[in-house]
Amino acid sequence: MALDEWLLRQALCDPGFVAFRLYTWLPAAITIGLNQRADVALDWRAVGNTVVIRRATGGRAIYHDSSELTYSVVLGEDATRRLCSGRSASRISALIAQGLTRFLAQHGIGAEFVRRSSLLDQRPVAGHTAPCFASSARHELVSGGRKVVASAQRRIGEAVLQHGSIKAGGVAYHAALAGIGEAEGSDLRLQSIDYEWLMATACDLFSAIGEVIGIGWKLTEEQTEERVSLLASQIMSAPLERRDLH
């Protein structure tokens, strides 16, 4: 997620900036939302060796593992204004949700996006204590009664970062987020995502979201390793600090 944060920094400097990426997790990690209280976000006695960091976006705690796809969309102010057309930035979440719904349908998963946050989400305490996949918020996706996509957004001025976890294969269990996900030995088989499948799938997802928000993506391999590695080391030196970006 250091790269997501770096991309948002680029969008703050370049009004025309647009980027989309898709990735998975190895090793697994837990992220907590920008405004969550770290002391109550999860059961620290059960964290073990799992890395925990604070995201640059809101939302609640998520356990990310190698069976998850994570997407991110980053927009400079020009693209944001065009998509919002004077309306709330939540329109961007709705458009991305439509694209994600199309993508899941291409892979045989019928899903619909939530029109209104669940009652659990509406309680003030939920923002600090309830794990992300314990309930559904507006514009997140559910399939067969299960939440399959959780998304979070950060807007600074007119620049936007939205990223989210696609858990089409199920939610992995972690004891620090007890009661959420599938424990080892369940009927649900959580399979790791390999690189070849990720690359093949990326084009489907890029196309589905691009059609909805009116952007044609092209695949690039920018040389950002040195800059992103520096940012990642800074995040890991203070993993639970708030991500203040300007």
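Structure: see above.
Reading guide: rules and limits
Along every chain, residues carry numbers that run from 1 in the direction the sequence is written. For a predicted model such as this one, the threshold for reporting local features is a pLDDT of at least 70, and the threshold for listing and counting side-chain atom pairs is 80 or more; totals across whole chains, interfaces and linings nevertheless cover every residue. Hydrogens and waters are ignored; side-chain quantities use all the structure's heavy atoms. What counts as a helix is a DSSP run of H or I of at least four residues, what counts as a strand is a run of E of at least two, and both are numbered from the N terminus. Partly exposed describes any residue whose relative accessible area lies between the buried limit of under 20% and the exposed limit of over 50%, with all areas from a 1.4 Å probe on protein chains only and scaled to the type maximum. The method behind every accessible area is Shrake-Rupley, applied with a 1.4 Å probe, and residues are considered shielded solely by the protein chains displayed. In the analysis that follows, any N or O atom pair within 3.5 Å is treated as a polar contact, provided that within protein one partner can donate a hydrogen and the other can accept it, and provided that, for residues neighboring in sequence, both atoms belong to side chains. Contacts are residue-level and defined by heavy atoms, with any inter-residue pair within 4.5 Å sufficient. Pairing between two strands requires that DSSP report at least two bridges joining them. Aromatic pairing here means that ring centres of Phe, Tyr or Trp (its six-membered ring) are within 6.5 Å. Orientation follows from the plane angle: under 30 degrees is stacked, over 60 is edge-to-face, and everything else is tilted. Each axis is a line fitted through C-alpha atoms, taken for helices only over the stretch in contact, and angles between the N-to-C directions span 0 to 180 degrees. Nonpolar core, defined: a set of buried Ala, Val, Leu, Ile, Met, Phe, Trp, Tyr and Cys residues in which side-chain atoms within 4.5 Å join the residues together.

Visitor: Lay out the overall build of the chain in plain terms, naming residues and giving numbers.
Guide: Each helix and strand counted, the chain has seven helices and nine strands in total. Per-residue burial for the chain yields a buried fraction of 52% across its 246 residues. As displayed, the chain offers around 12400 Å² of accessible surface, 50% of which is attributable to carbon and sulfur atoms.

Visitor: Kindly report on the side chain of Gln 36, identifying the contributing residues and their values.
Guide: With respect to the helices and strands, the residue Gln 36 is situated in the loop between strand 2 (29–32) and helix 2 (38–41). In terms of polar contacts, Gln 36 uses its side chain to reach the backbone amide nitrogen of Ala 61, at 3.0 Å.

Visitor: Lay out the environment of Tyr 71 in plain terms, naming residues and giving numbers.
Guide: Locating Tyr 71 in the fold gives a position in strand 5 (residues 69–75). A C-alpha to C-alpha distance of 7.4 Å links Tyr 71 and Phe 20, two positions 51 residues apart in sequence. Ignoring sequence-local partners within four residues, the contact set of Tyr 71 consists of Phe 20, Arg 21, Leu 22, Ile 96, Leu 100, Val 149, Ser 151, Gln 162, His 163, Gly 164, Ile 166 and Leu 205. A polar atom in the side chain of Tyr 71 sits 2.9 Å from the side chain of Gln 162.

Visitor: Outline the sheet that holds strand 9 (residues 159–166), supporting the account with residue identities and numerical values.
Guide: In space, the six strands of this open sheet follow the order 1-5-9-8-7-6, with antiparallel pairing throughout. Two strands close off the open sheet at either side, each with one partner strand: strand 1 (18–23) and strand 6 (112–113). Looking at chain direction, strand 5 and strand 9 are connected through seven bridges and run antiparallel. Of the residues in strand 9, the one forming a bridge with Leu 75 is Val 160.

Visitor: Give me the lowdown on the packing of aromatic side chains, citing residues and values where you can.
Guide: This model, assessed by the stated rule, comprises three aromatic pairs. Between Phe 20 and Trp 217, the aromatic rings sit 5.0 Å apart at their centres with planes inclined by 45°, giving tilted as the arrangement. With Phe 20 in strand 1 and Trp 217 in the loop between helix 6 (195–213) and helix 7 (225–237), the pair connects residues that are 197 residues apart, well separated along the chain. Look at Phe 20 and you get buried, because its relative accessible area is 12%. Cluster of aromatic residues (ring-pair linked, three or more members): Phe 20, Phe 206 and Trp 217.

Visitor: Mind laying out the environment of Ala 38, listing which residues take part and the relevant values?
Guide: As for its position among the elements, Ala 38 is in helix 2. Along the chain, Ala 38 and Glu 241 lie 203 residues apart, while their C-alpha atoms are 9.4 Å from each other. Setting aside its immediate chain neighbours within four residues, Ala 38 contacts Ile 32, Trp 44, Arg 54 and Leu 240.

Visitor: Tell me about unusual backbone geometry, and name the residues and values.
Guide: Residue Pro 27 is reached from Leu 26 by a cis peptide bond, and omega for that bond is 5°. Position of Pro 27 relative to the elements: it lies in the loop between strand 1 and strand 2.

Visitor: Which residues make up the sheet that holds strand 3 (residues 51–54), and what are the values?
Guide: Judged by pairing direction, the sheet is mixed, and its three strands sit side by side in the order 3-2-4 without closing on themselves. Bordering the open sheet on either side are strand 3 and strand 4 (62–64), each of which pairs with just one other strand. Averaged over all neighbouring strand pairs, the angle between strand axes comes to 25°, with direction disregarded. Inspection of the sheet shows strand 2 paired to strand 4 by three bridges, in the antiparallel sense. Directly across from Thr 31, in strand 4, lies its bridge partner Ile 62.

Visitor: Got a sec to walk through the nonpolar core? Specific residues and values, please.
Guide: Core analysis: the largest hydrophobic core is formed by 33 residues, its most contacted members being Tyr 71, Leu 100 and Leu 205. Elements that contribute at least two residues to this core include exactly strand 1, strand 5, helix 3 (77–84), helix 4 (90–106), strand 8 (146–156), strand 9 and helix 6. Here the element with the most residues in this core is helix 6; it accounts for eight residues. Setting aside chain neighbours within four positions, we find Leu 100 in contact with Tyr 71, Leu 141, Val 149, Ile 166, Leu 205 and Ile 209. The next biggest cluster of nonpolar side chains, apart from the first, holds 17 residues, and it includes Ala 2, Ala 19, Ile 156 and Val 228.

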